[in-house]
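Coordinates in review
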Amino acid sequence: MDKSSLNRRNFLRLGAAATAGFATSSHVTGATEKTSSKTDKKIITRQLGNTGISVPVVSMGVMRADNSNILKAAYNLGVKHFDTAHGYQEGRNEEMVGEFFKDKPRDSFIVATKIHPSKDASTQDFLDMLEVSLERLQMSYVDILYLHAVNDEEYLHNPKFMAAMKKAKEEGKAKHLGFSTHRNMAKLINSAVTRGFYGVILTSYNFRHVDNTELNEAIKKAHNEGVGIIGMKNMAGGFLDEEKTKPVNGKAALKFALSNPHIHTCIPGISSYEMLMENWSVAKDVNLSPSEKQDLELASNETGMYCTGCDTCAGQCKRDLPVSDLMRSYMYNYAYAYPAKARETVVALGVSDSPCDDCDECSVKCQSGFDVRNRITNIARIQNVPNEFLV
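Right, let's walk through the structure included here.

The rules behind these values
- Residues numbered from 1 in each chain as written.
- Predicted model: local features only at pLDDT ≥ 70, side-chain atom pairs only at ≥ 80, totals over all residues.
- Heavy atoms only, no water.
- Buried < 20%, exposed > 50% of the residue type's maximum accessible area, 1.4 Å probe, protein only.
- Helix = DSSP H or I, 4+ residues; strand = E, 2+ residues; numbered from the N terminus.
- Contact = heavy atoms within 4.5 Å.
- Core = buried A, V, L, I, M, F, W, Y, C linked by side-chain atoms within 4.5 Å.
- Domains from an automatic or database assignment.
- Pairing = 2+ DSSP bridges.
- Right-handed = clockwise from strand over helix to strand, strands pointing away.
- Expected span 1.5 Å × (residues − 1).
- Arc of directions from axis to C-beta.
- Polar contact = N/O pair within 3.5 Å; in protein donor to acceptor, adjacent residues only side chain to side chain.
- Phe/Tyr/Trp six-rings, centres within 6.5 Å; stacked < 30°, edge-to-face > 60°.
- Lys NZ or Arg CZ within 6 Å of the ring centre and 35° of its normal.
- Axes fitted to C-alpha atoms, helices over the stretch in contact; angles between N-to-C directions.

In an α-helix there are 3.6 residues to a turn, and that puts residues three or four apart on one side. In terms of residue burial, helix 3 (residues 92-101) counts as a mostly covered element, since seven of its ten residues are buried. Asn93, Glu94, Met96, Val97, Gly98, Phe100 and Phe101 are the residues of helix 3 that are buried. Where helix 3 is buried, its residues meet helix 2 (68-77), strand 6 (81-83), strand 7 (110-115) and helix 4 (123-137).

Turning to the nonpolar core, a few remarks are in order. Met60, Phe82 and Leu145 are the most contacted members of the largest nonpolar core, which has 110 residues in total. Looking at this core element by element, the count peaks at seven residues for helix 12 (residues 323-334). Counting contributing residues per domain, this core is built from domain 1 (45-301) and domain 2 (323-389), each supplying no fewer than three. Setting aside residues up to four positions removed in sequence, Phe82 forms contacts with Met60, Val62, Leu71, Ala74, Tyr75, Phe101, Phe109, Ile110, Val111 and Ala112. With twelve residues, the next largest nonpolar core counts Ile53, Tyr146, Leu202 and Ile230 among its residues.

As a further point, take the pairing of strand 11 (residues 228-232). Looking down a regular strand, the side chains alternate between one sheet face and the other. Buried residues dominate strand 11, accounting for five of its five residues. Residues of strand 11 alternate between two faces, with Gly228, Ile230 and Met232 on one and Ile229 and Gly231 on the opposite face, all of them buried. The pairing of strand 10 (residues 200-204) with strand 11 spans five bridges and is parallel. Residue Ser204 lies in a different strand from strand 11, and its bridge partner there is Met232. For the handedness criterion, the β-α-β arrangement of strand 10, helix 8 (residues 213-224) and strand 11 is classed as right-handed. Examined bridge by bridge, strand 11 and strand 12 (residues 265-266) share two bridges and lie parallel to one another. Looking at strand 12, one finds that Gly231 is bridged to Cys266. Read as a crossover between parallel neighbours, the route from strand 11 over helix 9 (residues 250-258) to strand 12 is right-handed.

Let us now look at helix 6 (residues 159-170). Taking 1.5 Å per residue as the helical rise, helix 6 with its twelve residues ought to reach 16 Å, and the 16 Å between its terminal C-alpha atoms agrees with that figure. Taken as a whole, helix 6 has its buried residues at Phe161, Met162, Ala164, Met165 and Ala168. Projected down its long axis, helix 6 carries its buried residues within an arc of 160°, all on one side. Seen from the buried face of helix 6, the exposed residues on the opposite side, beyond 90 degrees, are Pro159 and Glu170. Buried residues in helix 6 make contact with helix 4, strand 8 (142-147), helix 5 (153-156), strand 9 (174-181) and helix 7 (185-195). In this structure Asn158 caps helix 6, since a side-chain oxygen of it lies 2.8 Å from the backbone nitrogen of Lys160. A positive phi of about 80° marks Gly172, the residue just after helix 6.

This structure, assessed with the given rule, holds twelve aromatic pairs. Summarising the aromatic geometry, the rings of Phe100 and Phe101 are spaced 4.8 Å apart at their centres and angled 75° between planes, so their arrangement reads as edge-to-face. Each member of the pair, Phe100 together with Phe101, is buried. Each member of the aromatic cluster is reached from another via a ring pair, and the members are Tyr75, Phe82, Phe100, Phe101 and Phe109. Here Arg106 stacks its cationic end above the ring of Tyr141, 4.2 Å away from the centre of that ring. Cation over ring: Lys175 sits above Tyr141, and NZ or CZ is 4.7 Å from the ring centre.

What follows concerns the sheet that holds strand 9. Reading across the sheet, the eight strands line up as 5-6-7-8-9-10-11-12 and stay open at both edges, with parallel pairing between neighbours. Edge strands, defined here as strands with exactly one partner in the open sheet, are strand 5 (60-61) and strand 12. Against the sheet, helix 4 engages strand 7 and strand 8, with an angle of about 145° to strand 7.

Geometric values such as these leave the question of function open.
Following this line, the structure appears as structure tokens:
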């Protein structure tokens, strides 16, 4: 949770929402539309491909939450699907999720976690990471197990990772298997559908992709083949500038993603009461108003902070830097105000703290109009900041 949200007023509001008596008693599997006790509007639910799971269109990305009260408030409102990962907050995120859900009926919620092994990791390495996640979660299984942050087909179809995931499913430690991707999405989705191994795909999707015919067609194809499609990065960074003077209309952005019927649910990151209530209001109405459409159109005309993952920058850098991943790290820091995640991502890439110093002129031409050299220079330095000073 942002430090600005950690004030007494917000904490009390979270606590009030968490203990309010509007939790539903229906189970997740086989659920139909739910009706809120405070309004006649129904919560919109969609089937997650052929998984047999029906969830509200608004789910919860837990990545930045560090107060279990936000989980409690979301659960009591009717949120069913909660998304975490092995690496979030160095494992503390999974621990918080596990502590909250340990006494809840197991069929009253859906939990997904993500594993991102190194390319040379073994099948057992993957399974060991999963065991750690299950211990943190205090669960015998996760509903969805993802291979995390897939960028290329070699990683997507790595036989060691696929063997680990298959074994996890056979042993009942994962109900459904999937992968997450931030870049090269269309190609990876199409490849996964062709192979037929993954039943759920977690993909970046927001108003910046409105003209990406290839991505939209890939998502439609996956939907038609019974693959569950979950959208992330729905707010396109949340802000359009480093100074955070130009916020994205988050409610409109979430509506845009969910107005695509082939996106079954979205996992916007939620770390405050205000964010929860704004996002949850979309669960009853995904229709964009004229003013919301205008807000998104204006935002689309800005360069913004969000890397669309188009991967056209691949191969352009003379030093073969992972440009797209560095742009994502830049977004974590300057748009999300999440320097710890930004630093973690940069360190994992193995780049120096001044990777562009040897180049007189940047050879990368970004389709989104980013000043690539400036952004890489700014974000690469974050690895010099001790981790304990970042949140």
